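# Commentary on secondary and tertiary structure
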Amino acid sequence: MVMHCDDNNALGPDRFKSFFYKRFWEHIQGDIFRLLHYFYYLGNFLARLNTAFLILIPKLKAPVLPSINSNNQFGFIKGRNIQESNSIASKVIHLISRRKESAIIIKLYFQKACDSVCWTFLLETMRMMNFDSRWINWISNLLNLSQISVLVNGSPF
């Protein structure tokens with residue numbers, strides 16, 4: 001997949017562009033495969049690869065949000081109502097029902113950085129739906145071992 005990415009795409013927290021991985025693949029592929037092998041068999045991921053950084057956007061007189069919002073985002077956009085997403089969800093449910101397809105639909109309320117999501121319920125739901133235990137363990141480890149840091153003046157706080 002990396003070989004098909006645009007050379008200027010950044011792939012992860014290391015900020016290396018796709019070009020780096022393409023250019024040095026023969027030198028780093030062993031390390032990448034060992035990392036994936038380690039994750040596949042032990043279900044653990046290196047903590048520094050499961051870290052997110054929260055960057056606070058300072059208030060400016062000129063609007064910044066229109067330049068960073070996604071086209072399909074509903075909240076915080078003038079002229080759009082977050083309730084429109086309920087209408088879209090209803091249409092998707094109707095379409096799935098009409099086609100008689102199986103689906104999982106999860107409604108998340110993002111509140112206090114996802115504090116309201118009950119991960120044990122999600123994991124138990126996957127067990128009840130006969131997801132493979134390895135998959136459930138991967139998800140559990142990714143959730144339990146994830147970290148978030150707030151960047152203050154460009155450095156983790």
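All figures in this text were calculated on a predicted structure; none of them were measured in a lab.

Reading the values: the criteria
- Residues numbered from 1 in each chain as written.
- Predicted model: local features only at pLDDT ≥ 70, side-chain atom pairs only at ≥ 80, totals over all residues.
- Heavy atoms only, no water.
- Helix = DSSP H or I, 4+ residues; strand = E, 2+ residues; numbered from the N terminus.
- Areas by Shrake-Rupley, 256 points an atom, 1.4 Å probe, with all protein chains shown as cover.
- Patch = residues over 30% accessible without salt bridge, like charges linked within 9 Å, V, L, I, M, F, W, Y side chains within 5 Å.
- Salt bridge = Lys/Arg side-chain N within 4 Å of Asp/Glu carboxyl O.
- Expected span 1.5 Å × (residues − 1).
- Buried < 20%, exposed > 50% of the residue type's maximum accessible area, 1.4 Å probe, protein only.
- Axes fitted to C-alpha atoms, helices over the stretch in contact; angles between N-to-C directions.
- Parallel < 35°, antiparallel > 145°, perpendicular 65-115°, else oblique.
- Contact = heavy atoms within 4.5 Å.
- Nonpolar A, V, L, I, M, F, W, Y, C, P; charged D, E, K, R; others polar.
- pLDDT = per-residue confidence, 0-100.

Regarding its fold elements, the protein chain presents five helices and three strands. When its helices and strands are written in sequence order, the protein chain yields α-β-α-α-α-α-β-β. Taken as a whole, the protein chain presents about 13,500 Å² of accessible surface, with 59% of it coming from carbon and sulfur.

The grouping of Ile 104, Met 128, Met 129, Phe 131 and Trp 135 at the surface amounts to a nonpolar patch, some 510 Å² of accessible area in total. For Met 128, the location among the structural elements is in helix α4 (residues 119–128).

Attention now moves to helix α3 (residues 84–99). Look at α3: 23 Å from first C-alpha to last across 16 residues, which is about the 22 Å you get at 1.5 Å a residue. Directly beyond the C-terminal end of α3, a positive phi value near 55° is found at Lys 100.

On to the pattern of salt bridges. Within the structure shown, the criterion is met by three salt bridges. For Asp 31, the salt bridge is made with Arg 34, and the minimal N-O distance between the two is 2.6 Å. With Asp 31 and Arg 34 both in helix α1 (residues 18–42) and three residues apart, this pair spans about one turn of that helix. Notably, a salt bridge pairs Glu 101 with Arg 99, separated by 3.8 Å at the nearest N-O pair. Judged by its relative accessible area of 51%, Arg 99 is exposed.

On to unusual backbone geometry, then. Within the chain, Lys 100 stands out as a residue other than glycine whose phi angle is a positive 55°. Position of Lys 100 among the secondary structure elements: in the loop between α3 and α4. For Asn 130, which is not glycine, the phi dihedral falls at a positive 60°. As for its placement among the helices and strands, Asn 130 is situated in the loop between α4 and α5 (133–144). Since its relative accessible area comes to 69%, Asn 130 is described here as exposed.

It is at 10 Å that the axes of α4 and α5 come closest, and there the two elements cross at 170°. Regarding the angle of α4 to α5, the classification is roughly antiparallel. In this structure, α4 contributes Trp 119, Leu 122, Leu 123, Met 126 and Arg 127 to the contact, and α5 contributes Trp 135, Ile 136, Ile 139, Ser 140 and Leu 143. Looking at the contact of α4 with α5 residue by residue, the class counts come to eight nonpolar, one polar and one charged.

Contact geometry of α1 with α5 gives a least axis separation of 9 Å together with a crossing angle of 110°. One element, α1, and the other, α5, form an angle in the roughly perpendicular class. When α1 is examined against α5, the residues Phe 39, Tyr 40, Tyr 41 and Leu 42 are found in contact with a partner set consisting of Arg 134, Trp 138, Asn 141 and Leu 142. Residue composition of the contact of α1 with α5, by class: six nonpolar, one polar and one charged.

Below, the discussion takes up the confidence of the model for the protein chain. Regions with low pLDDT carry predicted coordinates that are not meant to be interpreted in detail. For the protein chain, the mean per-residue pLDDT works out to 75, and 68% of the residues sit at or above 70. The low-confidence segment residues 110–114, where pLDDT is below 50, has one contact with residues more than four positions distant or belonging to other chains.

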